[in-house]
Amino acid sequence: MVKKKVFITGVGGLLGSTLARRLLVKGNYVVEGCDTFIGGIQSNVPDIPLHEIDILDTKKLKDAMKDTDVVFHTAALPYEGLSVFSPAIVAQNIVGGTVSVASAALHNNVDLFINCSSMARYGAQTPPFTEDLPTHLKYDSLNISNSCFINSCFLETIASSALCAICSVQ
Ligand SMILES: NC(=O)c1ccc[n+]([C@@H]2O[C@H](COP(=O)([O-])OP(=O)(O)OC[C@H]3O[C@@H](n4cnc5c(N)ncnc54)[C@H](O)[C@@H]3O)[C@@H](O)[C@H]2O)c1
């Protein structure tokens, strides 16, 4: 059986590294990933080919993603505090980075692109959140007394998800 190649951005982070280990245990996948270790921890990464490249470097990403079937995009600066003081850095990383990863995925004709968004997308709906809940942005349904819902990091996550939707119909 030909194993599918899975490429995980942010593979040194919490989600990326956990996902990589889970996929390796399943055994049906060739797993690779990238990370700059601006966050995350190198020792989190299991024994897989690791590309130490920035997701903003689309050219290198296109090369690294060659023959990829599935992309999990978890690389981000998902730090609410940082997004308050340096929204430009966070926006460049999350919005620009997601477009770069999506472009590299399109370039390589990947079958499936999974973007890790934010649970804040579900707003003030009653937990537990399930994937069939509406995720469109409605300020009146957000809990604006909780600042975690209205910050740059959250808005950028929404923007990058919308951009992924646009890329998927192109
Ligand atoms: N952890 C959670 O419980 C959770 C829940 C819901 C959504 N999310 C979302 O999932 C994503 C990942 O979250 P996480 O908790 O794994 O974050 P994390 O900080 O643990 O991991 C992110 C990884 O991305 C890497 N990275 C950042 N910028 C990069 C760049 N330009 N190029 C290459 N690598 C880069 C970091 O070095 C880090 O290893 C975020 O978008 C977050 O909002 C996380």
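Throughout this document, residue positions are counted from 1 along each chain, in the order its sequence is written. Given that the model is predicted, a residue must reach a pLDDT of at least 70 before its local features are reported, and side-chain atom pairs must reach 80 or more before they are shown or counted; all residues, however, enter totals for whole chains, interfaces and linings.

We now examine the site of the ligand. By definition, a residue lies near a molecule or strand when the C-beta atom built from its backbone is within 6 Å of it. Taken together, 27 residues surround the ligand, and among them Gly10, Gly13, Leu15, Gly40 and Pro78 come closest. Per the convention used, a helix needs a DSSP run of H or I reaching at least four residues, while a strand needs a run of E reaching at least two, with both numbered from the N terminus. Of all the secondary structure elements, the ones that give two or more residues to the shell around the ligand are helix 1 (14–26) and helix 4 (87–107). Considering each element in turn, the shell around the ligand owes the most residues, 3 residues, to helix 1. For the shell around the ligand, the residue count by class is 13 nonpolar, 12 polar and 2 charged. In this count, Pro and Cys sit with the nonpolar residues alongside Ala, Val, Leu, Ile, Met, Phe, Trp and Tyr, while Asp, Glu, Lys and Arg are called charged and the others, Gly among them, polar.

Here the focus is the nonpolar core. For this analysis, nonpolar core means a set of buried Ala, Val, Leu, Ile, Met, Phe, Trp, Tyr and Cys residues linked through C-beta atoms within 7 Å. Exposure classification rests on a simple neighbour count of other C-beta atoms within 10 Å of a residue's own: a residue reaching 20 or more is buried, one at 12 or fewer is exposed, and one in between is partly exposed. C-beta atoms are placed from the backbone. Counting residues in each nonpolar core, the largest one holds 25 residues, and the members touching the most others are Ile8, Ala20, Met65, Val71, Val101 and Ala105. Per-element accounting of this core gives the leading share, 6 residues, to helix 4. Here, residue contact means that the backbone-derived C-beta atoms of the two residues sit within 7 Å. With sequence-adjacent residues up to four places away left out, Val101 is seen in contact with Thr9, Ile55, Leu61, Val71 and His73.

It is worth spelling out the confidence of the model for the chain at this point. pLDDT is a per-residue confidence score from the predictor, ranging from 0 to 100. The predicted model of the chain averages 86 in pLDDT, with 83% of residues at 70 or higher. Every residue in residues 139–150 scores below 50 in pLDDT, and together they form 16 contacts with partners more than four places removed in sequence or on other chains.

Let us look at the pairing of strand 4 (residues 70–73). Should DSSP find at least two bridges between two strands, the strands are taken to pair. Note: strand 1 (residues 4–9) against strand 4, 4 bridges, orientation parallel. Its bridge partner lying in strand 4, Val6 is registered against Val70. For strand 4 and strand 5 (residues 112–115), the ladder comprises 4 bridges, and the chain directions are parallel. From the neighbouring strand, Val71 faces strand 5, where its bridge partner is Phe113.

Moving on to unusual backbone geometry. The step from Pro127 to Pro128 runs through a cis peptide bond, and the omega angle for that step is 0 degrees. Mapped onto the fold, Pro128 is located in the loop between strand 5 and helix 5 (152–168). In this structure, Asp67 takes a positive phi of about 65 degrees despite not being glycine. Here Asp67 is to be found in the loop between helix 2 (58–64) and strand 4.

This part is about helix 1. Two residues of an α-helix separated by three or four positions point the same way, owing to the 3.6 residues in each turn. Taking 1.5 Å per residue as the helical rise, helix 1 with its 13 residues ought to reach 18 Å, and the 19 Å between its terminal C-alpha atoms agrees with that figure. Along helix 1, the positions that sit buried rather than exposed are Gly16, Ser17, Leu19, Ala20 and Leu23. Looking straight down helix 1, one finds that the buried residues subtend no more than 160 degrees of arc, so they occupy a single side. In helix 1, the exposed residues that point more than 90 degrees away from the buried face are Arg22 and Val25. Here the buried face of helix 1 lies against strand 1, strand 2 (29–34) and strand 4. One or two residues past the end of helix 1 sits Gly27, with phi positive at roughly 85 degrees. An expected span of 1.5 Å times one less than the residue number is assigned to each helix. By arc we mean the arc of the directions from the helix axis to the C-beta atoms, nothing more.

Once that is clear, we can look at the environment of Leu112. Summarising the element assignment, Leu112 is placed in strand 5. Using a count of 12 C-beta atoms within 10 Å as the deciding quantity, one classes Leu112 as exposed. The spacing of Leu112 and Val71 is 41 residues in sequence and 6.3 Å in space, taken between C-alpha atoms.

Another point: the sheet that holds strand 3 (residues 50–51). Taken together, the 5 strands give an open sheet; going across it, the order is 3-2-1-4-5, and neighbouring strands pair in parallel fashion. Since the sheet does not close on itself, it has two edges, and those belong to strand 3 and strand 5, each with one partner. Alignment of strand 1 against strand 2, held across 6 bridges, turns out to be parallel. Paired with Val6 across the two strands is Val31, which belongs to strand 2. Lines fitted to C-alpha atoms define the axes, with helix axes restricted to the stretch in contact, and inter-axis angles between N-to-C directions lie between 0 and 180 degrees. Contacts from helix 1 reach strand 1, strand 2 and strand 4, with the element oriented near 165 degrees to strand 2. Where helix 4 meets the sheet, its contacts fall on strand 1, strand 4 and strand 5, and the angle it forms with strand 4 comes to roughly 175 degrees.

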